[in-house]
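Listed below, chain by chain, are the residues.
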Amino acid sequence: MKNWTKNEVKEMIEGKLATHFGTTVDQATPELIYQCVALIVRDLLQKKSSRYQEQVKKVGGKTVYYLCMEFLVGKSLRNNLSNLGLSEVFAEAVKDYDTDLSELESIETDPGLGNGGLGRLAACFMDSLATQNFPAMGHSILYEYGLFKQKFVDGWQTEFPDIWLPEGKAWLVARPDEKAEVHFDGHIEEKWYNDRLCVNHYQYTTVDAIPYDLMISGKDSDAVTVLRLWQAQAPLSVNLNLFSQGEYLRSMEENNRAEAISKVLYPADNHTEGKLLRLRQQYFMVSASVQNIVTRHLKTYETLENFPDKVAIHINDTHPALVVPELMRIFMDECGYSWEAAWDLVVRTVGYTNHTVMAEALEVWDEGLFSSILPRIYQLVQEINRRFCAQLWERYPGNWDKIERMSILSQKKVRMANLAIVGSHQVNGVARIHSDILKTRVFNDFYNLYPERFTNVTNGIVHRRWLCQSNPELCALLDECIGAGYDKDAEKLEGLLKFYDDESVLKRLAEIKYHNKKRLADTLKKRSGIQISPDTLFDVQIKRLHEYKRQLLNALRIIALYLDLLDNPDMEMQPQTFLFGAKAAPSYYHAKRVMKLIHDLGAEIKKNPKIAEKLNVVFMEDYNVSLAEVIIPASEISEQISLAGKEASGTGNMKLMINGAVTLGTMDGANVEIYEAVGNDNIFVFGMHEDQVENMWATGYHPRFYYEQNPTIARVVNRLKVGFNGESYADIADYLLEGRPVSDPYMCLGDFADYMRVHDRATEAYQDPLHWNRMSLVNIAKAGRFSSDRSIREYCEKIWNGGAVTNDTL
C-alpha cells in the first residue's frame with residue numbers, strides 16, 4: 001500500500017465532496033466527511049482486491065468460499081484503516097476539518113448482518129484469511145434490518161428495526177453484472193433424451209439475487225477478503241397491468257414477497273410463515289452463492305474437472321447445508337454430469353463445521369414444506385438419502401434403528417446435519433471437548449462409519465480488533481515489554497510472562513484496567529444514563545441469552561448476595577458491578593423473562609442506596625460489536641458458566657482473556673483449553689464435568705433435592721415467588737422445581753453451591769491486587785493460541801488443502 005501524505009488524503013476527501021456531494025469542506029458536516037473517507041477507503045480496497053485476484057489467477061490458487069447465514073463484522077472504518085496502515089495519516093488529515101477520526105468512527109453504524117458467536121467467528125475468519133493471504137470469499141445475505149434494535153420498556157425486551165443500511169451502503173459495492181436467478185416452488189418434469197435424464201422445472205417463482213461486496217483488508221498483506229451479500233428482489237418491481245387497474249397494493253405483492261427474503265436476519269419461526277421464510281432465505285443464499293462460485297470457476301478454467309482442486313466450499317453450521325443438493329443440481333441438470341461423477345465432485349469440495357451438541361438444536365425441516373418450496377432440491381435429497389441408506393444396509397444389514405438414526409429423511413423430517421455430514425469430506429467441531437462429544441455421542445454413528453472425516457479446529461478471535469484496536473493502552477504496554485510483531489503472530493504474547501514478578505508492569509496493568517473501566521462507565525452514562533463505579537469489581541456476562549448459557553444461575557447468586565445484604569447492610573464484602581449484555585430471540589419467552597428478572601433485580605437494589613454501594617446490576621441495552629469493544633477491555637471476571645457439555649466453544653471467553661479478564665467458568669467448550677493454557681492457579685473452575693452431567697441425567701436429576709438440602713437455594717427460590725421491583729417470578733421458581741417435561745433442565749441448582757464457592761475464591765483473590773494482576777498477565781500471555789490466524793491455518797491444513805498466495809508466490 002502506498003504511503004499517502006496528509007495533503008494527498010485531503011485532496012481525495014475534497015475531491016469526493018465535490019464529485020459525490022457537490023459541496024466543499026467549508027460546508028461539509030462530519031457525516032459527509034465520514035462518507036467521503038469511507039468511499040476513499042473502499043476505493044483503495046477495490047484496487048487492492050483487483051491486484052490480488054490477478055495474483056491468484058496467475059498461480060491458480062485454491063479459493064475458499066465460506067457460507068454462513070450471518071457475519072457480525074462490526075464497523076469497517078477503524079478496522080480497515082488499521083489493517084491498511086493508514087490510521088495516522090487519515091487522523092492527521094481530518095484534524096484540519098475540525099473533527100477527529102474517533103468522531104468519524106462513531107458516525108458509522110454497526111452492520112446488521114449478524115447476531116452472536118456464529119457471525120462473529122465468521123467475521124474473524126474473513127480478517128485472518130486476508131491477513132495470511134489465503135484466497136477467500138464469504139457469502140451471506142444483505143439483511144436490510146439485521147436482527148433488531150433492542151430497547152427495554154419497563155425491563156421487557158422490545159424489538160425495533162435496526163436501520164443500518166443508509167450509512168452502511170458507503171462500504172458496499174453493487175455488482176448487478178453478477179446477478180443470479182433463484183427458483184422456488186413449481187413442478188418438475190423428467191424425461192430421458194439420448195440416454196440422459198433431462199429435468200424441466202416449470203411454473204416456478206423467480207427471485208433475483210443482486211450481489212453487494214463488502215471488502216475486508218488483511219493486516220499488512222496482499223489480500224482482501226470479499227464478503228458477498230445477496231439482496232432479494234422480484235424480476236419486476238411492479239405489475240403494470242394491476243397498477244393500471246388501480247390495484248396498487250396487489251401490483252407490488254410479488255416484489256414484497258421477494259424482498260422479504262432479505263429483510264430481517266432470523267425471522268421468528270414459531271409459525272408456518274416464519275418457517276417458510278427461513279427456508280427460502282437459506283436456499284436463496286445457497287443457490288445464488290453456488291451459481292456464482294461455479295460461474296467464476298468456469299470463467300477461469302473452462303472445466304469442472306478440477307473444481308475440488310481449485311474450490312473449497314465451507315458450510316458454517318447447517319443453515320447452508322443445501323449447498324450439497326444445489327451443487328448436484330448444477331452439475332447434473334445444467335452441466336450434464338452423471339450422478340456418480342457429480343457426487344464425487346461435491347464431496348471432495350464441501351466441508352462442514354458443526355456448532356452445537358444439543359440434539360434439539362440440530363436443524364430439521366418438515367418434509368412437506370421442504371418439497372413444496374424446493375421441489376427439485378427435494379428430489380435430489382431423496383436420491384442422496386436412498387443411495388446412502390442402501391450403503392448403510394450393506395454395512396449394517398438388519399439394523400433398522402441405526403439406519404433410521406442416520407437417515408437424512410425420516411419421520412416426515414429433513415435432517416440438515418445428516419445431509420451436511422454425508423455430503424462433506426470433513427466435519428469439524430469448534431473445541432476439543434465439542435469435537436469429542438460429536439464423535440462419541442451426537443454423531444457417533446457417523447463417526448463409526450466415516451472416522452477419517454471427523455476432526456477438530458478450535459475457534460479463535462481476530463486479536464487485531466479485540467486487542468490491538470480495542471485496547472490501545474494495553475498494546476502500548478505490550479510494545480514496551482515484548483516489542484512489535486504480536487499483531488501478526490499472537491504467540492509472541494507469551495513473552496509477557498517474563499514480567500510475571502515485575503511490580504511496575506503489574507501496576508501498569510492495574511492502571512490500564514482502571515482507565516478502561518472508567519471509559520466504560522463514561523460510555524454507559526452517555527449511552528443510556530446508567531451509572532457504574534470503576535472502583536467496583538466488574539463481573540461480566542456478555543453472550544446471546546439462552547437457557548444453556550445460564551444467565552439465570554448468575555442471577556440466582558446475585559439474589560443470594562442481595563438477601564444477605566438485606567439482612568445485614570453493613571456486611572463486609574467486595575463492591576461488585578454485574579454487567580449483562582445479550583439479546584433474546586423475539587419469540588423466546590423464557591429468555592425474556594430471565595432478562596426482565598435481572599432488570600427488576602437491579603432496579604430494586606438501586607432503591608436501597610446502602611446496598612447499591614456494594615451491589616450494582618446492569619443489563620446493557622442493545623449489545624453489539626461496538627459496545628463489546630468497550631466492555632471487554634474493562635472486564636475483570638469473565639462469566640463462562642454454561643452447563644458442561646452444552647457450549648460448543650465460545651469466543652467471548654477468548655476476547656475477555658486476551659484483555660486480562662480472569663475466566664470463571666465450567667469445564668465446557670474452549671474453557672477446557674483455556675484452563676490448560678493458563679493453569680489451575682489463573683482460572684476459577686466450578687461445576688460438574690460433562691461426564692458427570694450425563695451420568696446424573698442417566699441416574700436421575702432432582703432439583704428439589706438441592707432446594708431441600710441447601711438453605712441458600714431455598715431462600716433464593718422462595719424469593720423468586722415474592723419477586724422484585726413489584727413483580728413475582730413464581731414462573732421461574734416453578735421452572736426450577738416443577739418444570740415440564742423436566743425441571744431445571746440446565747442444572748442451575750445442581751451447580752449453585754459450587755458456583756457460590758468459586759465466586760468467594762475469586763473475590764478473595766481480588767483483594768490482593770498484585771496476585772490478581774499476575775493472574776491477568778498470565779491470561780494475556782497465554783491467549784495467543786486462541787487467535788483466529790491459528791484457526792485458519794488449521795482449516796487450510798486439515799480441511800481446505802489450500803495455500804497462501806502472495807507476491808512471493810509468483
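Parameters and conventions
Residues numbered from 1 in each chain as written. Predicted model: local features only at pLDDT ≥ 70, side-chain atom pairs only at ≥ 80, totals over all residues. Heavy atoms only, no water. Helix = DSSP H or I, 4+ residues; strand = E, 2+ residues; numbered from the N terminus. Rg over C-alpha atoms; globule rule 2.2 N^0.38 Å. Buried < 20%, exposed > 50% of the residue type's maximum accessible area, 1.4 Å probe, protein only. Contact = heavy atoms within 4.5 Å. Lys, Arg positive; Asp, Glu negative; His and termini not counted. Charge placed at Lys NZ, Arg CZ, Asp CG, Glu CD. 1 Å grid on protein atoms, 1.4 Å probe; cavity = no way out; pocket = protein on both sides within 12 Å on 5 of 7 lines; lining within 4 Å. Points joined across faces, edges and corners; volume = space filled by probe spheres on them. Nonpolar A, V, L, I, M, F, W, Y, C, P; charged D, E, K, R; others polar. Polar contact = N/O pair within 3.5 Å; in protein donor to acceptor, adjacent residues only side chain to side chain. Pairing = 2+ DSSP bridges. Right-handed = clockwise from strand over helix to strand, strands pointing away. Expected span 1.5 Å × (residues − 1). Arc of directions from axis to C-beta. Axes fitted to C-alpha atoms, helices over the stretch in contact; angles between N-to-C directions. Parallel < 35°, antiparallel > 145°, perpendicular 65-115°, else oblique. Left-handed = near helix turned anticlockwise from the far one by under 90°. Phe/Tyr/Trp six-rings, centres within 6.5 Å; stacked < 30°, edge-to-face > 60°.

Take the overall build of the chain next. A count of helices and strands for the chain gives 36 helices and 23 strands. Relative to the compact-globule value of 28 Å for 810 residues, the chain shows a C-alpha radius of gyration of 27 Å, a close match. For the chain, the spread of C-alpha atoms along the three principal axes comes to 90 × 75 × 65 Å. Residues counted as buried form 61% of the 810 residues belonging to the chain. The contacts in the chain between residues at least 6 apart in sequence include a share of 76% that link residues at least 24 apart. If the 90 positive side-chain charges of the chain are averaged to one point and the 110 negative ones to another, these points end up 1 Å apart.

It is worth spelling out the layout of surface pockets at this point. To locate leftover empty space, one rolls a probe as large as a water molecule over the atoms. Volume-wise, the second largest pocket comes out at about 810 Å³. Taken together, 33 residues line the second largest pocket, and the ones lying closest to its centre are Gln53, Lys57, Arg175, Glu178 and Arg296. Among the secondary structure elements, those contributing two or more residues to the lining of the second largest pocket are helix H2 (30–59), strand E1 (63–67), strand E2 (136–141), strand E9 (205–217), strand E10 (224–233) and helix H11 (272–301). Of the residues forming the lining of the second largest pocket, the biggest block, eight residues, is contributed by H11. Partitioning the lining of the second largest pocket into residue classes produces 11 nonpolar, 11 polar and 11 charged.

Glancing now at the environment of Ser470. Secondary-structure assignment places Ser470 in the loop between helix H21 (463–469) and helix H22 (472–482). Counting along the chain gives 269 residues from Ser470 to His201, while the straight-line C-alpha distance between them is 52 Å. A distance of 2.7 Å separates a polar side-chain atom of Ser470 from the backbone oxygen of Arg465.

Before going further, it helps to examine the pairing of strand E19 (residues 576–581). Within E19, six of the six residues are buried, which leaves it mostly tucked inside the rest of the structure. Neither face of E19 is open: one carries Gln576, Phe578 and Phe580, the other Thr577, Leu579 and Gly581, and all of them are buried. Here six bridges tie strand E18 (residues 537–542) to E19, and the two strands are oriented parallel to one another. Its bridge partner lying in E19, Phe538 is registered against Thr577. Crossover E18 to E19 through helix H24 (residues 551–567) is right-handed.

Following the sequence through the fold, His434 ends up in helix H19 (residues 432–442). Judged by relative accessible area, which is 1%, His434 ranks as buried. Apart from the residues lying within four places of it in its own chain, the contact partners of His434 are Asn354, His355, Thr356, Val357, Gly429 and Ala648.

The next point concerns the pairing of E10. Most of E10 is tucked away: nine of the 10 residues are buried. Here E2 pairs with E10 via five bridges, running parallel. Considered in E10, the bridge of His139 is made with Arg228. Summarising the sheet, E9 and E10 pair through 10 bridges and their orientation is antiparallel. Its bridge partner lying in E10, Leu214 is registered against Leu227. Counting the residues in the hairpin turn of E9 and E10 gives six residues, including Asp220, whose phi is positive at 50°.

On to helix H36 (residues 788–800). Taking 1.5 Å of rise per residue, 13 residues should cover 18 Å, yet H36 covers just 16 Å from first to last C-alpha, more than 12% shy of that figure. Taken from the residues just after H36, Asn801 is the one with a positive phi, measuring 55°.

Hydrogen bonds between backbone atoms are what pair the strands of a sheet, whose relative direction is either parallel or antiparallel. One open sheet holds the six strands; their spatial order is E20-E19-E18-E21-E22-E23, and the pairing between them is parallel. Every other strand in the sheet has two partners, leaving strand E20 (615–620) and strand E23 (684–685) as the edge strands with one partner each. Pairing geometry for strand E21 (residues 637–640) and strand E22 (residues 662–665), over four bridges, is parallel. Paired with Ser638 across the bridge in E22 is Thr663.

Val89, Phe90, Ala93 and Val94 are the residues of helix H4 (residues 87–95) that are buried. For H4, the angular spread of the buried residues around the axis is 125°, confining them to a single face. Across H4 from its buried face, at more than 90 degrees, point the exposed residues Glu88 and Lys95. Residues of H4 that are buried make contact with helix H1 (6–21), H2, helix H3 (77–84) and helix H5 (101–107).

Strand order across the open sheet formed by three strands is E13-E15-E14, with antiparallel pairing between neighbours. Looking at which strands have only one partner, the edges of the open sheet turn out to be strand E13 (364–366) and strand E14 (409–410). Where E13 and strand E15 (residues 413–415) come together, three bridges link them in antiparallel fashion. From the neighbouring strand, Asp366 faces E15, where its bridge partner is Lys413.

Omega for the peptide link from Arg740 to Pro741 comes to 5°, which places this bond in the cis form. Position of Pro741 relative to the elements: it lies in the loop between helix H33 (730–737) and helix H34 (748–766). Look at Asp220: it is not a glycine, yet its phi comes out positive at around 50°. If you check the backbone angles, Glu302 has positive phi at about 60° while not being a glycine. Note that Glu302 resides in the loop between H11 and helix H12 (307–310).

Turning to the packing of H34 against helix H35 (residues 769–781), a few remarks are in order. The geometry of H34 relative to H35 is characterised by a closest axis approach of 7 Å and an angle of 110° between their N-to-C directions. In terms of orientation, H34 lies roughly perpendicular with respect to H35. Of the residues in H35, those touching H34 at Ala762, Ala765 and Tyr766 are Pro769, His771, Trp772 and Met775. Looking at side-chain class alone, the contact of H34 with H35 contains six nonpolar, one polar and no charged residues.

Remark: H22 packs on helix H23 (residues 503–528), axes separated minimally by 9 Å, with the N-to-C direction vectors making an angle of 160°. The pairing of H22 with H23 is recorded here as roughly antiparallel in orientation. When the axes of H22 and H23 are compared, the crossing they make is right-handed. On the side of H22, the interface is formed by Glu473, Leu474, Leu477, Glu480 and Cys481, while H23 contributes Val505, Arg508, Leu509, Ile512 and His515. A per-class count over the contact of H22 with H23 returns six nonpolar, one polar and three charged.

Within the structure shown, the criterion is met by 22 aromatic pairs. Look at Trp156 and Tyr589: their rings are 5.8 Å apart centre to centre, the planes differ by 50°, and that puts the pair in the tilted class. Placement of the pair is Trp156 in strand E4 (residues 156–160) and Tyr589 in helix H25 (residues 589–606), with a sequence separation of 433 residues. Given the relative accessible area of 25%, Trp156 is considered partly exposed. By relative accessible area, Tyr589 is classed as exposed at 52%. With 5.4 Å between their ring centres and 85° between their planes, Phe307 and Phe331 make a pair best called edge-to-face. Here the residue Phe307 occupies a position in helix H12, and Phe331 occupies one in helix H13 (residues 323–334), the gap between them amounting to 24 residues. Assigned by exposure class, Phe307 and Phe331 land together as buried.

Nothing here speaks to function; it is geometry throughout.
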